[in-house]
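If you want the building blocks of each chain, they are given just below.
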Amino acid sequence: MTQRSAEAKIMIRMLTPLALLAATLALPQPTQAQNGTLTRSFVSSSGVDTNPCTITQPCASFAQAYTAIGANGIIAALDPGKYGPLTISTGVTVNGNGWSAITAPANGNGITIEAGSGNVTLIGLEIDGAGVGYDGIFDNSAGSLTVTDCTLQNFHWSGAATTGVGILMQPTSGTLDFTITNTNASNNGYVGILYAPPSGSPNANGAIDHVVANANQTGIYINTHSTTGGTTVVTLSNSIVSANDVTGIWVVNSSSSTLKASIDNLNASGNEAGIVASGTAGVLLGGSVIFGNVTYGVENGTSPNTFYTYDTNRINLNRFGDLTNTLSTSFSQQ
Amino acid sequence: MTRINVPLAVLTATLALALPAQAQNGSLTRSFVSSSGVDSNPCTITQPCATFAHAYTAVGANGIIAALDPGKYGPLTITTGVTINGNGWSAITAPASGTGIIITAGTANVTLIGLEIDGAQAGYNGIVVNSAGSLTVTNCTLQNFVYSGNGIGTGNGILMQPSSGSLDFTITGTNASNNGYVGVFYYPSSGSLANAVGVIDNVTANANLSGISIDLAAASNGTTVVTVSNSTTSDNTNTGIIADGGSGPTVKVSIDQVSASGNGDGVTANGAVSMVLGRSVITGNTNIGVADNTTPGSTLYTYGDNRINLNAQNLGGTQSLSSFSQQ
């Protein structure tokens, strides 16, 4: 679209008939509840929240556009802008088209998800804590969470384990399928991507691919230590974790839960520790570079030893040592 | 049109505010630029500014500047934490004998996204980092910077030259080509004690004097750990990827899944550097494919899975390569 036609479009939006505007205002306007009738609603930097959130009369905020759609509706951003934080309680897709920003409020979250078994898809969002917001995406429940082409940065850690996180997933029941791809979760005070149910026995199937999680305390942290059961299977691939102050990747479970993690073609460098695993977590490691970490490359605390290598990793030049305990070689490629 | 029709009262109020140049002391979390913006605006989304430099004065610490549409938004000096999101359609032309973006940010985090920074064969450097806690460069292009003919401070796409502190740098999805000196250059200034952890991934650094250079020759101490992965260095006159150690610093460089072809030398390690090399293609270089000049003994380690062939000389330098085993 040319600049001229974009301006023309803005003009059209400005010239919305007063009658239509009045009709819109007369409609009930619940906040933060998804009970509209549209399949797709729209936001624009020139939109206003008294509009019906259609493509010709877009709204100004994701929160208002969310009220305009029915279950499993789609919200899209028509142009670059800041569209504000959002609480999601049902299935929805938010497509920011790569040019949509959300600033989390101080001590608050960018997107809060309490979607039960609904599917939530987030695409092309830059969610920023500006050094004062707590979490980028805060997911208490969802059937699935898909995060693609997003940036989550500058979230502030208060000292609590639920703050300072790019993406925090903490279901306590049900099964969460999460897919995080082409996303950068860096410069956060606690963790880039954190799966940490606080209680219960939830299940999860996760894929983390083409992710960069640098300069957090921990890059990617899969922690089912507080659960009383459930099965978690996570694959990490083609990703980079670097310059994290505690560890690049951390995997830990409770004795009553099952946790399986695959780490493939991953780069963990310049962290305090590269990869840390403990409990009875089963870990498969292949094709990865684990290099130049300050303490150890791989801290294998699993007991019995369930940290398996395919003998295809480059684990070298870590300052204190490459391995704290030997990795199991009982698996071969086949 | 709407942006121009700002009520006069608003404009007057804005002008009445103190507007220091090039200092980040505004109150906005996010400010905006547009090709239809003007710098007398408050840099909001409805009244955007014309330049990154002015939009920078409108945000507070750790604020974000975004470009609303394609345009050229001018050079910038950064002194605190900030994110500049050019959305892939923002251009900066460095002034003649000058720099596109200068960063002296202390320990703050600086993120640059989607910028095309051009020297137009007259500017000296694309990005110069004197200090930052972290530097993230994503989806940027840095090209056509000219070398003045002496020293290291000109002709670079990205020049990082801290003298102290710890810099975490992450450069991804970026092209630093056709520069007179180095595409991506880490060179702590003389006598410095700087530490760095660097990631260079999915970067193209072609047709420079050298593509990627990690050079600690002038530093006196500190630890530097850099990984270069999934990247291409080609047609660089001197070297595709080069690491130089010094007399005090610890330097570790990992090269994984990289292509270095058609350069003078492909990959070179000089002095007190530890380098690991795996899964890479090093071919068609007109001098040496891999030059191991590490000291005192060889600390250039290969995993035995590189393709180093069809260079004028495949392996060279003063040492024979060492090896590590995969585990």
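Analysis parameters
Residues numbered from 1 in each chain as written. Chains lettered and ligands numbered in written order. Predicted model: local features only at pLDDT ≥ 70, side-chain atom pairs only at ≥ 80, totals over all residues. Heavy atoms only, no water. Helix = DSSP H or I, 4+ residues; strand = E, 2+ residues; numbered from the N terminus. Contact = heavy atoms within 4.5 Å. Areas by Shrake-Rupley, 256 points an atom, 1.4 Å probe, with all protein chains shown as cover. pLDDT = per-residue confidence, 0-100. Disulfide = S-S within 2.5 Å. Buried < 20%, exposed > 50% of the residue type's maximum accessible area, 1.4 Å probe, protein only. Pairing = 2+ DSSP bridges. Axes fitted to C-alpha atoms, helices over the stretch in contact; angles between N-to-C directions. Salt bridge = Lys/Arg side-chain N within 4 Å of Asp/Glu carboxyl O.

Peer 1: Hey, could you go over the overall build of chain A for me, with residue numbers and the actual values?
Peer 2: The secondary structure content of chain A amounts to three helices and 27 strands. In chain A, the proportion of contacts linking residues at least 24 apart, taken out of those at least 6 apart, comes to 70%. When the accessible area of chain A is evaluated, it comes to approximately 11800 Å², of which 55% is carbon and sulfur surface.

Peer 1: Give a description of the confidence of the model for chain B that names residues and reports values.
Peer 2: All names here are of chain B. Confidence along chain B averages 93 in pLDDT terms, with 93% of residues attaining 70 or more. Ignoring residues within four places in sequence, the model shows residues 1–21, a span with pLDDT below 50, making 28 contacts including any to other chains. Overall fold confidence (pTM) sits at 0.89, and the ipTM for the predicted complex is 0.88.

Peer 1: Give me the state of the cysteines: which residues, what numbers.
Peer 2: Under the defined criterion, the tally for this structure stands at two disulfides over all chains. A sulfur-sulfur separation of 1.9 Å characterises the disulfide bridge that pairs Cys53 of chain A with Cys59 of chain A. Negative torsions about the S-S bond denote left-handed disulfides, and the value of about -85° found for Cys53 of chain A with Cys59 of chain A makes this one left-handed. According to the relative accessible area criterion, Cys53 of chain A is buried, its value standing at 1%. The disulfide that involves Cys43 of chain B links it to Cys49 of chain B, with 1.9 Å between the sulfurs. Because the torsion about its S-S bond is -85°, the bridge between Cys43 of chain B and Cys49 of chain B counts as left-handed. The class for Cys49 of chain B is buried, based on a relative accessible area of 0%. Cys140 of chain B carries a free sulfur, and the closest cysteine sulfur to it, the one in Cys150 of chain A, is 19 Å from it. Of the residues examined, Cys140 of chain B reaches a relative accessible area of 3% and is grouped as buried.

Peer 1: Before we move on, could you go through the sheet that holds strand β15 (residues 218–224) of chain A and cite the residues and values that matter?
Peer 2: Strand pairing within a sheet occurs via backbone hydrogen bonds; the two strands may be parallel or antiparallel. Residue and element names in this part refer to chain A. One open sheet accounts for 10 strands, arranged β4-β6-β8-β11-β13-β15-β18-β21-β24-β27; its pairing is parallel. Whereas interior strands pair on both sides, the edge strands pair on one side only; in this sheet they are β4 (86–88) and β27 (321–323). Along the sheet, successive strands turn relative to each other by an average axial angle of 10°, direction set aside. With five bridges connecting them, strand β21 (residues 273–279) and strand β24 (residues 296–302) associate as parallel partners. Within β24, the residue paired with Ile275 across the bridge is Val298.

Peer 1: Provide a residue-level description of the pattern of salt bridges, including the pertinent values.
Peer 2: Inspection of the entire model under this criterion finds three salt bridges over all chains. Residue Arg30 of chain B is joined to Glu126 of chain A by a salt bridge in which the shortest nitrogen-to-oxygen separation is 2.9 Å. Here Arg30 of chain B is found in strand β1 (residues 28–33), whereas its partner Glu126 of chain A is found in strand β7 (residues 119–128) on a different chain. An identical accessibility class is assigned to Arg30 of chain B and Glu126 of chain A; each is buried.

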